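Reading the structure
Here's the letter readout for the chains.
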Amino acid sequence: TGLAVGMGVGQALLVLLAAYTVMPAKDPLLNICMDAKHHKTKPGPEGMLHNQCAPWKDNACCTANTSLEAHKDQSNLYNFNWNHCGLMPPKCKSHFIQDTCLYECSPNLGPWIDQADSSWRRERILHVPLCKEDCEEWWEDCKDYVTCKENWHKGWNWATGTNRCPWGSMCRPFSHVFPQPKDLCEKIWSNSYKYTTEHRGSGRCIQMWFDPAQGNPNVVVAKYYAWKKRSSPAWMEDVTPETDKAVCALPWPVLVLLPLALMVLLERAGCCGSHGWGSL
């Protein structure tokens, strides 16, 4: 009877141990919103997001009002005017709107969130691997538009309250300012994006454009790069104790019960000989 009780206790402890070890800790790089000007504190469903931001309505870091502002020529989000060198063609503008929707609404940019030294945001994205098609279509649809600046993040004349070309600058075709798609995607927002040769659907690049009826393809991409980042030596060195506990540490009940479970198992092995684990 004692042996049976001991075996029962051992099995119960092992089940508890297995349950705790397979329960995933919340990954600090997944399903999060960056700490920036218009972002929600955490992602969640929105009843309605406007037009091109709609793909994120089931789980978004933006509000409906933010999605509406993202579509305006003179948006209240940042007082930024797309038409600083004349009227931006609609097919070109649609890419900048989609870029804004991704930035404001996506909860899948965690692996690329970086600290920002800015008065209007604490965090930004850096080197997000953009799918080849997204970057090249952006460039193709904008190559005939004109602009006076390579980096749109800084260096504007804000004297009138909106961005105007700096004094002495010239409006030139996109294809001159950004000779290749890579130049556009990487330079225009201070390396927020990284040009890749990965294709949509590969699970290795972030899509600005996707059909929500097919699900959000960026979820699996974020998981892959979160795993890759956690596996890197730099991540292990930089990880804070709190984050380390959240991702790596075993829960305290497991630590308490583990020795007891092992002791029961050893006793069982000693008792049962070749018919127990002692034969392994």
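Refer to the structure printed above.
Bear in mind that the values here come from a model prediction, so they are computed numbers and not experimental data. (Residues numbered from 1 in each chain as written. Predicted model: local features only at pLDDT ≥ 70, side-chain atom pairs only at ≥ 80, totals over all residues. Heavy atoms only, no water.)

1. Some thoughts on the overall build of the protein
Of the regular secondary structure elements, the protein holds 10 helices and six strands. Considering the protein as a whole, with its 280 residues, one finds that 41% of them fall into the buried category. Look at the contacts in the protein between residues 6 or more apart in sequence, and 64% of them connect residues 24 or more apart. Surface exposure of the protein reaches about 15300 Å², of which carbon and sulfur atoms provide 59%. (Helix = DSSP H or I, 4+ residues; strand = E, 2+ residues; numbered from the N terminus. Buried < 20%, exposed > 50% of the residue type's maximum accessible area, 1.4 Å probe, protein only. Contact = heavy atoms within 4.5 Å. Areas by Shrake-Rupley, 256 points an atom, 1.4 Å probe, with all protein chains shown as cover.)

2. Overview of the packing of aromatic side chains
Tallying each qualifying case throughout the model produces 19 aromatic pairs. Summarising the aromatic geometry, the rings of Phe-80 and Trp-156 are spaced 5.6 Å apart at their centres and angled 85 degrees between planes, so their arrangement reads as edge-to-face. With Phe-80 in the loop between α2 (64–69) and α3 (90–105) and Trp-156 in the loop between β4 (146–147) and β5 (172–173), this pair connects stretches of sequence that are 76 residues apart. Judged on exposure class, the residue Phe-80 and its partner Trp-156 are both buried. An aromatic cluster is present here, built from Phe-80, Trp-82, Phe-96, Trp-138, Tyr-145, Trp-152, Trp-156, Phe-174, Phe-178, Trp-189 and Tyr-193 joined pairwise through their rings. The ring of Trp-156 carries the charged tip of Lys-149 above its face, separated from the ring centre by 5.6 Å. We note Arg-204 situated over the ring of Tyr-224; from NZ or CZ to the ring centre the distance is 3.6 Å. (Phe/Tyr/Trp six-rings, centres within 6.5 Å; stacked < 30°, edge-to-face > 60°. Lys NZ or Arg CZ within 6 Å of the ring centre and 35° of its normal.)

3. A closer look at the environment of Asp-183
Within the secondary structure, Asp-183 is located in helix α6 (residues 181–187). By relative accessible area, which is 15% here, Asp-183 ends up buried. For the pair Asp-183 and Lys-194, spaced 11 residues apart in the sequence, the C-alpha separation amounts to 9.6 Å. Non-local contacts of Asp-183, meaning those with residues more than four positions away in its chain, are made with Phe-178 and Ile-188. Among the polar contacts listed, one links the side chain of Asp-183 to the backbone nitrogen of Gln-180, at a separation of 2.9 Å. (Polar contact = N/O pair within 3.5 Å; in protein donor to acceptor, adjacent residues only side chain to side chain.)

4. Notes on the nonpolar core
A general feature of soluble globular proteins is that nonpolar side chains tend to end up buried together. Phe-96, Trp-138, Trp-152 and Trp-189 are the most contacted members of the largest nonpolar core, which has 48 residues in total. Within the residue set of this core, elements represented by two or more residues are α3, β3 (128–130), α4 (132–142), α5 (174–177), α6, β6 (193–195) and α7 (218–231). Among the elements that make up this core, the one with the highest residue count is α3 (seven residues). Apart from the residues lying within four places of it in its own chain, the contact partners of Trp-189 are Phe-80, Trp-82, Phe-96, Asp-99, Arg-124, Trp-138, Trp-152 and His-153. (Core = buried A, V, L, I, M, F, W, Y, C linked by side-chain atoms within 4.5 Å.)

5. Description of the packing of α3 against α4
Where α3 contacts α4, the two axes come as close as 7 Å, and the packing angle between them is 140 degrees. For the crossing formed where α3 meets α4, the hand is left-handed. For the pair α3 and α4, the contacting residues are Lys-91, Cys-92, His-95, Phe-96 and Asp-99 in the first and Glu-137, Trp-138, Asp-141 and Cys-142 in the second. In the contact of α3 with α4, the residues fall into four nonpolar, one polar and four charged. (Axes fitted to C-alpha atoms, helices over the stretch in contact; angles between N-to-C directions. Left-handed = near helix turned anticlockwise from the far one by under 90°. Nonpolar A, V, L, I, M, F, W, Y, C, P; charged D, E, K, R; others polar.)

6. Some details on the pattern of salt bridges
The tally for this structure, following the rule as stated, stands at 11 salt bridges. We note a salt bridge from Glu-69 to Lys-72, for which the minimum N-O separation is 2.9 Å. The class of Lys-72 is partly exposed, set by a relative accessible area of 35%. Through salt bridges with shared partners, one network takes in Asp-134, Glu-137 and Arg-200. (Salt bridge = Lys/Arg side-chain N within 4 Å of Asp/Glu carboxyl O.)

7. Looking at unusual backbone geometry
Within the chain, Ser-190 stands out as a residue other than glycine whose phi angle is a positive 55 degrees. Looking at the element boundaries, Ser-190 is found in the loop between α6 and β6. Judged by its relative accessible area of 16%, Ser-190 is buried. Phi at Asn-191 is positive, roughly 65 degrees, even though this residue is not glycine. A relative accessible area of 34% means that Asn-191 is categorised as partly exposed.

8. Regarding α3
For α3, spanning 16 residues, the distance from its first C-alpha to its last is 21 Å, which sits close to the expected 22 Å at 1.5 Å a residue. Burial analysis of α3 places 14 of its 16 residues in the buried class, the great majority of the element. (Expected span 1.5 Å × (residues − 1).)

9. Here we look at the state of the cysteines
Under the counting rule described, the total for this entry stands at eight disulfides. The disulfide partner of Cys-33 is Cys-61, and the gap between their sulfur atoms is 2.1 Å. Between Cys-33 and Cys-61, the S-S torsion sits near -90 degrees, and that sign places the bridge as left-handed. Residue Cys-33 is located in the loop between α1 (2–22) and α2, and its partner Cys-61 is located in the loop between α1 and α2; the two are separated by 28 residues in the primary sequence. Comparing Cys-33 with Cys-61 shows no difference in burial state: the two are buried. (Disulfide = S-S within 2.5 Å.)

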